[in-house]
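# Overview (structure and organization)
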Amino acid sequence: MKMRRLGRTGLSIAPLVFGGNVFGWTADEKTSFSLLDAFFDAGFNAVDTADVYSSWAPGNRGGESETIIGKWLKQSGRSRDGAVIVTKVGSELGPDRNGLSRRWIMQAVEESLKRLQTDYIDLYLSHWPDPDTPYEETLAAYDTLLSQGKLRAIGASNLDAQQMRDALDVAAANGLPRYDVLQPEYNLYDRASYDGPLRNLCIAEEIGVITYFSLARGFLSGKYRSHKDLEGSARGGGVEKYLDGRGMRILGVLDEIAEETGAKQAEIALAWIIARDGVTAPIASATNADQLSSLVRSAELTLPEEAIRRLNEVSE
């Protein structure tokens, strides 16, 4: 597996990151262990999670995904150095348990380390912008944690171009560590928020980029084509917005390329992201062995230039 440099972090990752949002939600502990084993056995090395995953599932409080990853790390017997663990802070976990204040970051990182059963986190991300906390305060907290060896690198998710520029400027002006990674929503359907000024900034500043909702919540797999297809799906509510004319046109081109190449629609959609300038790796999840095998194939798939052109045009 050819590794990719993740911005200026010093970390190297395979061209696909496993999305740990399914752990403790649509994948129980046993299934999660099996999926992680298969993913790492295939040569991949990074898994993405957050302290809030998967609080939305009935009976959950948050932290379930980190807990499963931590148990897997201990029980698998794998070297800690062989896994790049990405987690996040800032989402709502309860009263006074959210945001990017120094107080909460210093508490939240200890809770994440305990759940992950490790003494350091490879990449720690600010999950959402926090308008109530200055960048200086957040970055100074990260500076402390980096110097203590509890973090190896930092980044942010869901920042727009101006917010990222402001954060970089504050870091430079105050001698603080900068966000070296961005995690934006990005896929064939949802391109507008990243393509353009934000993507240009990330390329110019050598910021690593790992994309989330890379399959548009499963829509780009091709299995959701009508409202009836959404019935009984845990992801149904999030997919409905894609069932419009543009979404159907994108699926149509994916169907054509699938017929031509023998690859599945999801594999093609991920391969398109993997080939994009300004992207280090997409994040994608699986809940069974067949889906996991498909993720592996997507990282091995090289799309013809003509196919990439058609996908670019239909998704613009």
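The coordinates are above.
Summarised in this report is the structure supplied together with it. Values in this document were obtained by computation on a predicted structure and should not be read as measured data.

This brings us to helix H3 (residues 102–116). Across its 15 residues, H3 extends 21 Å between first and last C-alpha, which sits within 8% of the 21 Å expected from 1.5 Å per residue. Buried within H3 are the following residues: Trp104, Ile105, Ala108, Val109, Ser112, Leu113, Arg115 and Leu116. Summarising the axial view, the buried residues of H3 lie within an arc of 160°, below the 170-degree limit, and thus occupy one face. Tucked inside the fold, the buried residues of H3 contact helix H2 (64–76), strand S5 (84–89), strand S6 (121–126), helix H4 (135–147) and strand S7 (151–157). Of the residues trailing H3, Gln117 is marked for its positive phi of about 55°.

A few words now on unusual backbone geometry. Each neighbour pair has its own omega, and for Tyr53 with Ser54 the value is -5°, a cis peptide bond. Tracing the sequence through the fold places Ser54 in the loop between strand S4 (46–48) and H2. With phi around 60°, Asp96 is a residue other than glycine that occupies positive phi space. Turning to its location among the elements, Asp96 is positioned in the loop between S5 and H3.

Burial of the side chains of strand S9 (residues 208–211) extends over both faces: Gly208 and Ile210 are buried on one face and Val209 and Thr211 on the other. Where strand S8 (residues 181–183) lies against S9, two bridges are found, and the strand directions are parallel. Bridged to Leu182 within S9 is Val209. Once the chain exits S8 it traverses helix H6 (residues 197–204) before rejoining the sheet at S9, and the crossover so formed is right-handed. When S9 meets strand S10 (residues 281–284), the two strands line up parallel, connected through two bridges. Bridge assignment links Ile210 to a residue of S10, and that residue is Ala281.

Burial within S5 is extensive, with six of its six residues counted as buried. Across the two faces of S5 the burial is the same, with Val84, Val86 and Lys88 and Ile85, Thr87 and Val89 all buried. Two elements, S4 and S5, share three bridges in a ladder whose sense is parallel. When the sheet's bridge partners are listed, Ala46 is paired in S5 with Val84. The β-α-β motif built from S4, the intervening H2 and the parallel element S5 has right-handed crossover chirality. Two strands pair when backbone bridges link them, and S5 and S6 are joined in this way by four bridges, in the parallel orientation. Looking at S6, one finds that Lys88 is bridged to Leu125.

On to the packing of helix H1 (residues 29–41) against H2. Contact pair H1 / H2: the axes reach a minimum separation of 10 Å and the direction vectors enclose 60°. With respect to H2, the axis of H1 lies oblique. As for how H1 packs across H2, the hand of that crossing is right-handed. Contact residues: Glu29, Ser32, Phe33, Leu36, Asp37 and Phe40 in H1; Ile68, Lys71, Trp72, Gln75 and Ser76 in H2. Per-class residue counts for the contact of H1 with H2 are five nonpolar, three polar and three charged.

Conventions we followed
- Residues numbered from 1 in each chain as written.
- Predicted model: local features only at pLDDT ≥ 70, side-chain atom pairs only at ≥ 80, totals over all residues.
- Heavy atoms only, no water.
- Helix = DSSP H or I, 4+ residues; strand = E, 2+ residues; numbered from the N terminus.
- Expected span 1.5 Å × (residues − 1).
- Buried < 20%, exposed > 50% of the residue type's maximum accessible area, 1.4 Å probe, protein only.
- Arc of directions from axis to C-beta.
- Contact = heavy atoms within 4.5 Å.
- Pairing = 2+ DSSP bridges.
- Right-handed = clockwise from strand over helix to strand, strands pointing away.
- Axes fitted to C-alpha atoms, helices over the stretch in contact; angles between N-to-C directions.
- Parallel < 35°, antiparallel > 145°, perpendicular 65-115°, else oblique.
- Left-handed = near helix turned anticlockwise from the far one by under 90°.
- Nonpolar A, V, L, I, M, F, W, Y, C, P; charged D, E, K, R; others polar.

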